[in-house]
Amino acid sequence: MTSRSDEELMAAYARGDAAAFREIFERLSPILLRVMRHQLRRPEDASDLVQQTFLHLHRSRLDFRDGAQLKPWLFTIAMNLKREYFRRASRKPESPLELDGRADPSTGNDEHHRLEAADAVEFALSKLSPEQRDVISLHWLAGIPLPEVAQMVGASLSAVKVRAHRGYAAMRQALGESSNPEVP
Amino acid sequence: MTHTRVVPDCADVAEAVSRGEPLSAEAQAHVSHCRVCQASRDAARPASGDALFARVEAAIGEERGLLARLRSLPTGLRVLGAVAWAVIIVLASTLATPRSAYGPVPAQYLVLAVTVLAILTALAVRLDLRPLQVVPSGHASVLGMIAVGLAVPVALAVLPAPGPQVTSLPGVGDTPAIVGCFLIGCGAGTLLILGLRALDRGAHRSPTNVLLAAAAGGLLGNAALELHCPITTTVHLLLGHATVGIALAAAYGIAALRLTRRTA
């Protein structure tokens, strides 16, 4: 049995297939949550924004057109909600301070290493400008190609490439050239 | 009878995790040296995704009724619906409070003024109902639309209208005429704002969208007033017509701010 594409699932959901929504959520919410947690101070705010994003996906389901790609569509909603979150809270984009597992005494060794790596990435992301962080989050964490990232952030492809290039360079510098092979 | 403190074991920890309860200090101490519990805790992590999905499902479950149906319409239909609602408001206003005299001002001027106001209203409505899956318009274009929406009625008031001036209505004093026009304009604008609010998917939490809706309401109120009021004096037009958009912006701004604070 072949699995349906994101777009087929969304089309099915727009036609009333509730199970398709669950599948969309299971596929895309972990990535979305990961991106949001790298951008917001509090994990519960990240969860709230993911919840809001999927609520808006539901409200906008009849706007989804053939030929559109679901992932950039959904992430554009998320990024708009995130902008609104920062505007409403009169806060500048910041990286989380409550880092996964840092204060968790029950963390095992392997997990501890994974979380240490996550903390390092968060530290590196915190060194970026908000514009660079948006591009890096969408490109690296969410796996969205740069041309689509450009559409989502409302900038030209060349401008986004420059932000990505400088952002990755800043991250490598923050982490040290050899200490984090995860960074592309 | 003596009470002994029960040291939690794996079953207690698993039970607490399955119920979503926070672990006690003793339970955390147990987990810190128990491989079984650590594995169990890791396995339970996807439950947080389930919990989030349950929240999303609950939020979607609340999307019922007429308003939920309206905001879930495709954006093209939402914009069309808002424009149709605006036309109905102007027609109803014109039928309820018809213009007492069409003579003094040339018909072309009247048609031009109403057309400009109608086009600007439609543009403001379209911008206000822009969906979230679209990259937002530049802040400058939204602020520009708000400024134009508030400034055009002022320009119509200040620029001299062609033809002989109409200074008053028969049997109506200057102040009652100003108040009457202001109330008719605000009434028409408020009805449009309510329509936009009903079709809104959440954008009206943003102050710029609130001001945009108010500007649209002000423009529509002025279109209705063009078809109601033949007076062409600058003082009347400034106080009775041009203030409609500004008053709606202030009133809706305050109301939206209070609503946002209450629901935050």
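The shown structure was predicted, so the numbers you read here are calculated from the model rather than taken from an experiment.

## A word on the packing of aromatic side chains
Part 1 of the argument: Applying the stated criterion across every chain, the model contains seven aromatic pairs over all chains.
Part 2 of the argument: Relative to Phe21(A), the ring of Tyr13(A) lies with its centre 4.9 Å away and its plane at 35°, an arrangement referred to as tilted.
Part 3 of the argument: On the basis of relative accessible area, Tyr13(A) is assigned to the buried category, the value being 9%.
Part 4 of the argument: Judged by its relative accessible area of 4%, Phe21(A) falls in the buried class.
Part 5 of the argument: Seen from their ring centres, Phe21(A) and Phe54(A) are 6.1 Å apart, and the 85° between their planes marks the pair as edge-to-face. One end of the pair, Phe21(A), is in helix H2 (residues 18–39); the other, Phe54(A), is in helix H3 (residues 43–59), and 33 residues separate them in sequence.
Part 6 of the argument: A relative accessible area of 0% means that Phe54(A) is categorised as buried.
Part 7 of the argument: Taken together, the ring pairs in this structure connect Tyr13(A), Phe21(A), Phe25(A), Phe54(A) and Phe53(B) into an aromatic cluster.

## Brief notes about empty space enclosed by the protein
Part 1 of the argument: What the rule picks out here adds up to five cavities of 30 Å³ or more.
Part 2 of the argument: Every residue lining the largest cavity is counted, 13 residues in all, and those nearest its centre are Tyr109(B), Glu226(B), Ile231(B), Thr232(B) and Leu237(B).
Part 3 of the argument: Sorting the residues of the lining of the largest cavity by element identifies helix H7 (107–128) and helix H11 (234–263) of chain B as the ones contributing at least two each.
Part 4 of the argument: Reported here for the second largest cavity is a volume of approximately 70 Å³.
Part 5 of the argument: Forming the boundary of the second largest cavity are His56(A), Arg78(B), Asp128(B), Leu129(B), Arg130(B), Pro131(B), Leu132(B), Asp200(B), Arg201(B), Gly202(B) and Ala203(B).
Part 6 of the argument: Broken down by class, the residue content of the lining of the second largest cavity amounts to four nonpolar, two polar and five charged.

## Looking at the interface of chain B and chain A
Part 1 of the argument: Across the boundary between the two partners, chain B contributes 32 residues, which contact 40 residues of chain A.
Part 2 of the argument: In total, chain B and chain A occlude about 3,000 Å² of area from one another, counting both sides; carbon and sulfur atoms represent 58% of this.
Part 3 of the argument: The largest contributions to the chain B side of the interface with chain A come from Phe53(B), Leu132(B) and Gln133(B), which together make up 22% of the buried area.
Part 4 of the argument: Linking chain B with chain A are three salt bridges.
Part 5 of the argument: Notably, a salt bridge pairs Asp48(A) with Arg55(B), separated by 2.5 Å at the nearest N-O pair.
Part 6 of the argument: At the junction of chain B and chain A, the tally comes to 11 residue pairs in polar contact (both at pLDDT 80 or more).
Part 7 of the argument: When residues of the side of chain B that touches chain A are traced back to their parent elements, those giving at least two are helix H2 (25–33), helix H3 (35–44) and helix H4 (46–61) of chain B.

## Description of the environment of Ala224(B)
Residues and elements named next belong to chain B.
Part 1 of the argument: Its place among the elements puts Ala 224 in helix H10 (residues 207–226).
Part 2 of the argument: Residues Ala 224 and Cys 181 lie 43 residues apart in sequence; the distance between their C-alpha atoms is 9.5 Å.
Part 3 of the argument: Each residue touching Ala 224, except ones within four places of it in the same chain, is listed here: Val 90, Ser 93 and Ala 188.

## Notes on the packing of H3(A) against helix H4 (residues 70–88) of chain A
Residue and element names in this part refer to chain A.
Part 1 of the argument: It is the contact of H3 with H4, at a shortest axis distance of 9 Å, that shows an interaxial angle of 125°. By the angle between their axes, H3 is oblique relative to H4. In this structure, H3 crosses over H4, and the sense of that crossing is right-handed. Side by side, H3 and H4 meet where Asp 45, Leu 49, Gln 52, Thr 53, Phe 54, His 56 and Leu 57 of the first sit next to Leu 70, Trp 73, Leu 74, Ile 77, Ala 78, Leu 81, Lys 82 and Tyr 85 of the second.
Part 2 of the argument: Tallied by class, residues from the contact of H3 with H4 come to 10 nonpolar, three polar and two charged.

## Digging into the state of the cysteines
Part 1 of the argument: This model, assessed by the stated rule, comprises zero disulfides over all chains.
Part 2 of the argument: Among the cysteines around Cys229(B), which has no disulfide bond, Cys181(B) carries the closest sulfur, lying 3.6 Å off.

## Observations regarding a nonpolar patch on the surface
Residue and element names in this part refer to chain B.
Part 1 of the argument: Taken together, the side chains of Trp 85, Ile 88, Leu 191 and Leu 194 make up a nonpolar region of the molecular surface, amounting to roughly 370 Å² of accessible area.
Part 2 of the argument: Elements that contribute at least two residues to the nonpolar patch include exactly helix H6 (75–96) and helix H9 (174–199).
Part 3 of the argument: By relative accessible area, Leu 191 is classed as partly exposed at 37%.

## Some points on the packing of H2(A) against H4(A)
All names here are of chain A.
Part 1 of the argument: Running from amino to carboxyl end, H2 crosses H4 at an angle of 35°, the nearest separation of the two axes being 11 Å. H4 is crossed by H2, and the crossing has right-handed handedness. On H4, the residues that touch Ile 24, Leu 28, Ile 31, Leu 32, Val 35, Met 36 and Gln 39 of H2 are Leu 70, Lys 71, Leu 74, Phe 75, Ala 78, Met 79, Lys 82 and Phe 86.
Part 2 of the argument: Classifying every residue of the contact of H2 with H4 gives 12 nonpolar, one polar and two charged.

## So, the confidence of the model for chain B
Residues and elements named next belong to chain B.
Part 1 of the argument: When the pLDDT values of chain B are averaged, the result is 83; 84% of them are 70 or greater.
Part 2 of the argument: Per-element confidence in chain B is highest for H6, whose mean pLDDT is 96, and lowest for H3, whose mean pLDDT is 45.
Part 3 of the argument: This stretch, residues 39–47, has a pLDDT under 50; its non-local contacts, to residues over four places away or in other chains, come to seven contacts.
Part 4 of the argument: Confidence estimates for the predicted assembly give a pTM of 0.74 and an ipTM of 0.70.

Rules and cut-offs
Residues numbered from 1 in each chain as written. Chains lettered and ligands numbered in written order. Predicted model: local features only at pLDDT ≥ 70, side-chain atom pairs only at ≥ 80, totals over all residues. Heavy atoms only, no water. Phe/Tyr/Trp six-rings, centres within 6.5 Å; stacked < 30°, edge-to-face > 60°. Buried < 20%, exposed > 50% of the residue type's maximum accessible area, 1.4 Å probe, protein only. Helix = DSSP H or I, 4+ residues; strand = E, 2+ residues; numbered from the N terminus. 1 Å grid on protein atoms, 1.4 Å probe; cavity = no way out; pocket = protein on both sides within 12 Å on 5 of 7 lines; lining within 4 Å. Points joined across faces, edges and corners; volume = space filled by probe spheres on them. Nonpolar A, V, L, I, M, F, W, Y, C, P; charged D, E, K, R; others polar. Contact = heavy atoms within 4.5 Å. Buried area = accessible area lost by both parts, 1.4 Å probe. Salt bridge = Lys/Arg side-chain N within 4 Å of Asp/Glu carboxyl O. Polar contact = N/O pair within 3.5 Å; in protein donor to acceptor, adjacent residues only side chain to side chain. Axes fitted to C-alpha atoms, helices over the stretch in contact; angles between N-to-C directions. Parallel < 35°, antiparallel > 145°, perpendicular 65-115°, else oblique. Left-handed = near helix turned anticlockwise from the far one by under 90°. Disulfide = S-S within 2.5 Å. Patch = residues over 30% accessible without salt bridge, like charges linked within 9 Å, V, L, I, M, F, W, Y side chains within 5 Å. Areas by Shrake-Rupley, 256 points an atom, 1.4 Å probe, with all protein chains shown as cover. pLDDT = per-residue confidence, 0-100.

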